[in-house]
Amino acid sequence: MRIATLVRIAWILFLGLSTVTLNKLQAQQHVTITGTIVNASQEPVEAATITVKSTNAVTLSQKNGSFRITTPAAQKIVLIISNVGYITQEVDVTASKGPVTVTLQTSENVNDEVVVMAYGQKKKKTEMVGSAFQINADRIAQMPAGRIDALLEGQMPGVRVTFNTDDASSTKQRINIRVRGQGTFYASAEPLYVVDGTPIFTGDRTNLVPGIQTAVSPLSYINTEDIESITVLKDAAAAAIYGANASNGVILVTTKSGKISKPKLSLSLQSGFSSISKSTKFKTLNGSEYLELAKESFVNAGRDLVEFPYTDNDMNTYSGTNTDWVNEFYGNGVVNNATLAYTGGTAKFKYAVSAGYFNDKSTIIGNTQSRASLRANLTYQVTSKLAVTLISRGSYNKNNTFNPGQDYLDFLPVYSPYNNDGSYRLYNKKITGLTPSGEPVFTTVRFLNSVAEREQNDDIQKTNLLNNNISVNYKLFPGLTSTTQYGIDDQRVKQNIYKARTNWSGMDLQGNPVGYAARAYNKTITTTFIERLNYSKTIGVHAFDVVAGLELYKNRYRTQYITASGFADDNHRNIDHAAVINTRDSSKRETKNASYFGQLNYNYDQLYYFQLTGRRDGSSTFGTDARWGNFYAAGIGWNIKKELFNNNTAINVLKLDATYGNTGNARISLQEAFGIYTFNSGSMYNGVPGASLSNIPNAKLRWEEARQINLKLNVALFDRLTILLEGYRKKTVQAIVSNTVSRTTGETSAQSNTGELSNTGIEATINVDIIKNKKGFSWWVELNGAHNKNKALALYNDNDKAQGNFLWRVGYDLNTLYLIRWAGVDPRDGAPLWYDYNGNVTRVYSIDNRVPGKSANPDVFGGFRTGFEYKNFTVSALFTYVIGGHQFSTFSRSMNSDGLNIEADNQSVNQLDRWQQPGDVTLNPKPIWGVSTRSTMNSTRYVFNTTNIRLGNVALSYNLPALALKRLGVENCSLSLIGNELFFWTPYDKTNRNSFKQSRSGYPTQSSILAALNITF
């Protein structure tokens, strides 16, 4: 027994000594290295790849930049640290005794850009799954500062910016933004705007502000100098996390924030003048041309020139008057913009505070826009785990509005705006007939002189905006952060209109002075509460990023409108001084949404990427039968470069993404689901007040759903060429359409989810560094383009629906023009000609001959940017272009009346090309005074090809030498000369005639030249 026991003890001792020895040997053969990866601002760099040179050891840095890697012991240990957006570095850590800190320097590759995504997420462009495009502050710094949406034109592939209308109905023109085409028949086609994480109110489904006569876009209330970046989310993978409001795209606006640095004071100044681009001015007849054409038209109507209305008399010298009304309504504008900003911060407190003032005196006299703004972005690190951020933004906006409509074109050149004594003309005298003896009868007639209205009336709109956004971030444990965010957007608009007693707008029909006033008020408050969790974790080569949360949204507005008349004089214009209150009106609306959302991002070794997104939305906009909806998206990405071409230095990036998902569109008014009962005198029955149904309710009406698939290829070559290609198909189902119903319901139509449509397209963006810092000279170009094909897939019972000049028909573009085809002028007698339905020439105008024609959608549209740098000088330019597409010009139609309206309205110079005698081959029919030959009815006669190229912006800048500035205590200073809207080209333009260039909008293009100073201390 003793021997056996001794053997066991010896064996145990042997095993123990062997284990200790083995562990000691292993410890001697491996070393563990720890450290932190930071950027130049000493901020942690997440997901940097750390590799031990000449080994297989690899790891990724954590969210706080830390890393830990174990490698076999060696005489020399070198770490290779790489990350997208940074220059790869090699660091010798052989002699390191403790944690190492590695500072990465950023590279200049456009593909390394960090893109702001939904709910606090930021992703490198090369790691992003889904379609999102971002422009940063440097891309908009030299652009016009009036409003945000106008900054997007030509800068983002697939984003089209157009005017809401082509007529002169408002000097505060509304802008349409279409992200990948029009995805709805009836609901709003505008994108959702999210500023610093919370949605803002930008108007109703057509961008109108309820209750206000002239809608000024809320997007003009934000100082563009405060913007850090604008990101457009386009496909389902990027936008589905916003669920029921994301079908039309989501535009994320991020304002500037403080960073760890010494305090900086910066001043940005812009000042200049503007004028109308004369080449885009619609050309009308001068005095002699008008009298020539008018008299000819008068004779063609069988009238004797003895009774020609515009014969000289004691009040009017028509033959000697030649008023250019454009000069009466337009002048030189003045633009001023100033922003003072103070930024900086420490690890404890970061701040960015700014104050701005913008003023634009329009070229349309009587129109001004001014904005005074304040903003503060403050982040306080309470503890190592708790941080509080407050973003407060306010502005006071004043808009003076005068809308001349088409008066600047319609007014006859033989009229004068003034009497001989210099007072405003309110009467003209003209011949209105003959006496029985054949003598002309002169009659004094009213002249609705809008120049007098401009100088004597008021239309003033004042808006106070206050947007507060507070968020509390708490690090629950490493990688997991809780964020509680509350935002409130408060907009209050007051509009005061007064029509003076001294012009016809403030007089009764007999010319008695009355004075009329109106007061409109809109108060819109949008509140958003968001509670979310963000979790990031890297385990070796596996990286996870998760966000989940709850969002509660409420929008409510209240409007008031009152009109009054009977003022004692024009010195007391307040509506309280009126003798009679004519009308009172008010309205209110409230909508609420509740949402749950989540997103999972995973990548394996920056090689394979996966993304899953889900959101559930409930909205009070819809009835109880269809209040909730679910939205999902999935995406995958493959880093082909890393897997197949990792050692190929010519290929910098080669990545393929594919996504699919669904999003919603809930931007409709309440009346579609709940109906409207109207209470007014017309609803009385047998003398008893009552209500009438003016909109049929539909409790089953639900939001539209867009199902989207997207393919994206991102390529970068030779450190100078990048190509981004995307193809997509977006199919909208359950689209809301207004359908005819039985009149027994009391209405003629009701809305239902009976439509389907699709948008299919391709987008491309190409960036090329043609010359990279060769002897101090650099030259780069960027070209983006998009093609989108729109098609209606289903309508109720496949019934066609005529929408003005457009046709909705299954298989056709929603913007297909539906017009009678113009066949020209009969050379025999100057009569107008059309084609009938079967293509035969006819002299009879009939709407039954309408046929589907060309589309208003262009074949290709986009932008071209280029820039040059030489030493301290830089030049940049932005061109926008449209190829193909057609537009019906209501503007052009009204200015070519072929004699019908020539007594009241001036005409286009194109009317000079008219038929005068048999055999004439002309563009315009025989003009006949006051007689309709139906030639001015809607037809393809007024359709233009919209192909054009515009020079939207050009800037020349000079950076003062750093050495000289340092002596003055200045960090940097630049001087710039900026030009906006300097060139517009169309292929069909003629010097002395009107084309699409002059007919595209109710107002000529406003060009501007500004000088700018940017200085930082």
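Quantities reported herein were computed from a predicted structural model and do not represent experimental measurements. (Residues numbered from 1 in each chain as written. Predicted model: local features only at pLDDT ≥ 70, side-chain atom pairs only at ≥ 80, totals over all residues. Heavy atoms only, no water.)

Another point: the overall build of the protein chain. Looking only at helices and strands, the protein chain features 12 helices and 51 strands. Here the C-alpha atoms of the protein chain give a radius of gyration of 34 Å, agreeing with the 31 Å that 2.2 N^0.38 yields for 1017 residues. Each of the three principal axes of the protein chain carries a C-alpha extent, and together these read 155 × 75 × 65 Å. Every one of the 1017 residues in the protein chain was classed for burial, and the buried ones make up 51%. Considering only intrachain contacts with a sequence separation of at least 6, the fraction spanning at least 24 residues in the protein chain is 69%. (Helix = DSSP H or I, 4+ residues; strand = E, 2+ residues; numbered from the N terminus. Rg over C-alpha atoms; globule rule 2.2 N^0.38 Å. Buried < 20%, exposed > 50% of the residue type's maximum accessible area, 1.4 Å probe, protein only. Contact = heavy atoms within 4.5 Å.)

Within the UniProt annotation, "domain: TonB-dependent receptor plug" (unreviewed entry) is assigned to residues 126-250. Secondary structure over residues 126-250 splits into 6% helix and 23% strand, and the C-alpha atoms at its two ends are 20 Å apart. (UniProt positions renumbered as here; feature names shortened; annotations may be inferred.)

Do not read the fine detail of predicted coordinates wherever pLDDT is low. Considering every residue of the protein chain, the mean pLDDT works out to 90; 95% of them sit at 70 or more. The least confident element of the protein chain is helix 1 (residues 2-29), whose mean pLDDT is 47; the most confident is strand 42 (residues 832-835), at 97. Scored below 50 in pLDDT, residues 9-15 makes zero contacts in the model with residues more than four places away or belonging to other chains. (pLDDT = per-residue confidence, 0-100.)

A word on the packing of aromatic side chains. Per the counting criterion, the structure on display carries 40 aromatic pairs. Aromatic pair Trp325 and Phe329: ring centres 6.1 Å apart, planes at 40°, arrangement tilted. Taken together, the residues span about one helical turn, with Trp325 and Phe329 both in helix 5 (residues 325-329) at a distance of four residues. In this structure Phe329 comes out as buried when scored by relative accessible area, which is 0%. Note on Phe544 and Tyr602: the rings are 5.0 Å apart at their centroids and 40° apart in plane angle, and the pair reads as tilted. In this pair, Phe544 sits in strand 27 (residues 542-565) while Tyr602 sits in strand 28 (residues 580-604), placing the two residues 58 residues apart along the sequence. (Phe/Tyr/Trp six-rings, centres within 6.5 Å; stacked < 30°, edge-to-face > 60°.)

Another point: the pattern of salt bridges. Scanning the entire structure with this criterion turns up 35 salt bridges. Here Lys642 and Asp605 are joined by a salt bridge, their closest N and O atoms 3.3 Å apart. Of this pair, Lys642 sits in helix 8 (residues 640-644) while Asp605 is found in the loop between strand 28 and strand 29 (608-619), placing the two residues 37 residues apart along the sequence. By relative accessible area, Asp605 is classed as buried at 18%. Residue Arg993 pairs with Asp913 through a salt bridge whose shortest N-O separation is 2.9 Å. (Salt bridge = Lys/Arg side-chain N within 4 Å of Asp/Glu carboxyl O.)

Let us now look at unusual backbone geometry. Across residues other than glycine, the phi torsion is negative in most instances, and most of the peptide bonds are trans. Phi at Lys871 takes a positive value of approximately 55°, unusual for a residue other than glycine. Its place among the elements puts Lys871 in the loop between strand 45 (860-870) and strand 46 (873-883). Look at Glu981: it is not a glycine, yet its phi comes out positive at around 50°. You can see Glu981 is positioned in strand 50 (residues 972-985).

You can see Ser892 is positioned in helix 10 (residues 890-894). For the pair Ser892 and Ser170, spaced 722 residues apart in the sequence, the C-alpha separation amounts to 17 Å. In contact with Ser892, not counting residues within four places along its chain, are Tyr942, Phe944 and Ser999.

Taken together, the four strands give an open sheet; going across it, the order is 3-2-5-6, and neighbouring strands pair in antiparallel fashion. One side of each edge strand has no neighbouring strand; the edge strands of this open sheet are strand 3 (58-60) and strand 6 (89-92). Sheet twist, expressed as the average angle between the axes of neighbouring strands with direction ignored, equals 25°. Summarising the sheet, strand 5 (residues 78-82) and strand 6 pair through four bridges and their orientation is antiparallel. In the sheet register, Ile80 faces strand 6, and the bridge partner there is Glu90. (Pairing = 2+ DSSP bridges. Axes fitted to C-alpha atoms, helices over the stretch in contact; angles between N-to-C directions.)

Sheet analysis places strand 22 (residues 427-434) next to strand 23 (residues 440-446), joined by seven bridges and oriented antiparallel. Following the sheet pairing, Gly433 is matched in strand 23 by Val441. Between strand 22 and strand 23, which pair antiparallel one after the other, the connecting turn spans five residues, and Gly438 there sits at a positive phi close to 90°.

Strands sit in the order 4-1-7 across an open sheet of three strands; the sheet is mixed. Of all strands in the sheet, those bounded by a partner on one side alone are strand 4 (66-72) and strand 7 (100-103). Direction aside, neighbouring strands of the sheet carry axes that sit 35° apart on average. Pairing of strand 1 (residues 30-38) with strand 7, which is carried by four bridges, proceeds in the parallel orientation. Paired with Thr36 across the bridge in strand 7 is Thr101.

Residues Phe273, Phe868, Tyr870, Phe873, Val875, Ile949, Leu956, Leu977, Leu982, Phe983, Trp985 and Ile1009 make up a contiguous nonpolar surface patch of roughly 1000 Å² in combined accessible area. Contributions of two or more residues to the nonpolar patch are made by strand 45, strand 46, strand 49 (948-959) and strand 50. Top contributing element to the nonpolar patch by residue count: strand 50, with four residues. (Patch = residues over 30% accessible without salt bridge, like charges linked within 9 Å, V, L, I, M, F, W, Y side chains within 5 Å. Areas by Shrake-Rupley, 256 points an atom, 1.4 Å probe, with all protein chains shown as cover.)

Where strand 25 (residues 480-499) lies against strand 26 (residues 516-539), 20 bridges are found, and the strand directions are antiparallel. When the sheet's bridge partners are listed, Gln485 is paired in strand 26 with Ile530. Pairing between strand 26 and strand 27: 24 bridges, direction antiparallel. Bridging across to strand 27, Asn534 finds its partner in Val547. The hairpin turn running from strand 26 into strand 27, its antiparallel successor, is two residues long, and Gly540 in that turn takes a positive phi close to 65°.

Before going further, it helps to spend a moment on the nonpolar core. Ranked by internal contacts, the top residues of the largest apolar core, which has 33 residues, are Tyr290, Tyr310, Phe329, Tyr330 and Tyr408. When residues of this core are traced back to their parent elements, those giving at least two are helix 4 (287-300), helix 5 and helix 6 (407-410). Among the elements that line this core, the one with the most residues is helix 4, at five residues. Residues contacting Tyr290, with those up to four places away along its chain left out, are Leu285, Tyr310, Leu412, Pro413, Val414, Ile902, Glu903, Asp905 and Asn906. Membership of the second largest hydrophobic core comes to 25 residues, among which are Ile140, Met143, Met156 and Val179. (Core = buried A, V, L, I, M, F, W, Y, C linked by side-chain atoms within 4.5 Å.)

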